[in-house]
Amino acid sequence: DGIAVYLGVMPAAIVRGHSPTHVERTMHGGPPRSSVERHVVIALFDAKTFERSTDAEITASVEGLGHVGRTTKKLERMDIADAPTFGGYFPFQGSDKFTIRLEIKTAKRAKPTIVEFNYKT
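Throughout this document, residue positions are counted from 1 along each chain, in the order its sequence is written. Local features in this predicted model are restricted to residues of pLDDT 70 or higher, and side-chain atom pairs are both shown and tallied only at a pLDDT of 80 or more, whereas totals for entire chains, interfaces and linings draw on every residue. Computation of side-chain values: all heavy atoms of the structure, hydrogens and water removed.

Undergrad: Please explain the overall build of the chain as it appears in this structure.
TA: Scanning the chain from terminus to terminus reveals one helix and eight strands. Traced from its N-terminal end to its C-terminal end, the chain shows the element sequence β-α-β-β-β-β-β-β-β. Taking all 121 residues of the chain together, 39% fall into the buried category. Segments assigned H or I by DSSP are reported as helices when at least four residues long, segments assigned E as strands when at least two residues long, and all are numbered from the N terminus. Partly exposed residues are those whose accessible area sits between 20% and 50% of the maximum for their type, while under 20% is buried and over 50% is exposed, using a 1.4 Å probe and protein chains only.

The structure is reproduced here in structure tokens:
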């Protein structure tokens, strides 16, 4: 659909390690205390021009192969080093293969773009 999607996944503990005044300490209500929580970060670009996309609404779902249930939430926009990205915290319980499913809505497209990533812990 003309969108390049970049995915980052990091333990919430990394965000908790920032100083209390660091802007990332307050994103998404602050990092959860749980050791299974991870910060999912998405960056979008126009696939032809590589210009960063900023006007999207992204809903993400995370589901483990060996677990029943899925966590779904709208990702929040956040600016890191003056670069707009989207993110949120999700549980990644245990050693498993997870599917991260994104529904990306933009003003340029009538239908949402669906993208799926596999992520193994």
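Next comes the rest of the write-up.
Undergrad: Honestly, the sheet that holds strand E2 (residues 37–46) in this entry has me stumped. Any pointers?
TA: Two orientations exist for strands paired in a sheet by backbone hydrogen bonds: parallel and antiparallel. The strand order across the open sheet formed by four strands is E1-E2-E6-E5, and the pairing between neighbours is antiparallel. Only two strands of the sheet have a single neighbouring strand rather than two, namely strand E1 (3–11) and strand E5 (76–80). Ignoring strand direction, the axes of neighbouring strands in this sheet form an average angle of 35 degrees. Strand direction decides the pairing type here: E2 and strand E6 (residues 83–91), joined by six bridges, are antiparallel. Of the residues in E6, the one forming a bridge with Ile42 is Phe86. Two strands qualify as a pair provided that DSSP identifies no fewer than 2 bridges between them. Where helices are involved, their axes are fitted lines through C-alpha atoms of the stretch in contact, as for all axes, and angles between N-to-C directions lie from 0 to 180°.

Undergrad: Is there a simple way to think about the side chain of Ser61 in this case?
TA: With respect to the helices and strands, Ser61 occurs in strand E3 (residues 57–64). Of the polar contacts made by the side chain of Ser61, one reaches the side chain of Thr72; its length is 2.8 Å. Leave out the neighbours within four places in its chain, and Ser61 touches Arg70, Thr71, Thr72, Thr99, Ile100 and Arg101. We call two N or O atoms a polar contact when they sit within 3.5 Å, provided that within protein one can donate a hydrogen and the other can accept it, with sequence-adjacent residues counted only if both atoms are side-chain atoms. Two residues form a contact once any of their heavy atoms are found within 4.5 Å.

Undergrad: Looking at this structure, I do not really get the side chain of Glu37. What am I missing?
TA: With respect to the element layout, Glu37 can be found in strand E2. A distance of 3.4 Å separates the side chain of Glu37 from the backbone nitrogen of Phe90, its partner in a polar contact.

Undergrad: Explain unusual backbone geometry here, please?
TA: Glycine aside, residues mostly have negative phi angles, and peptide bonds mostly take the trans form. A positive phi angle is found at Phe50, which is not glycine, with a value near 60 degrees. Within the secondary structure layout, Phe50 lies in the loop between E2 and E3.

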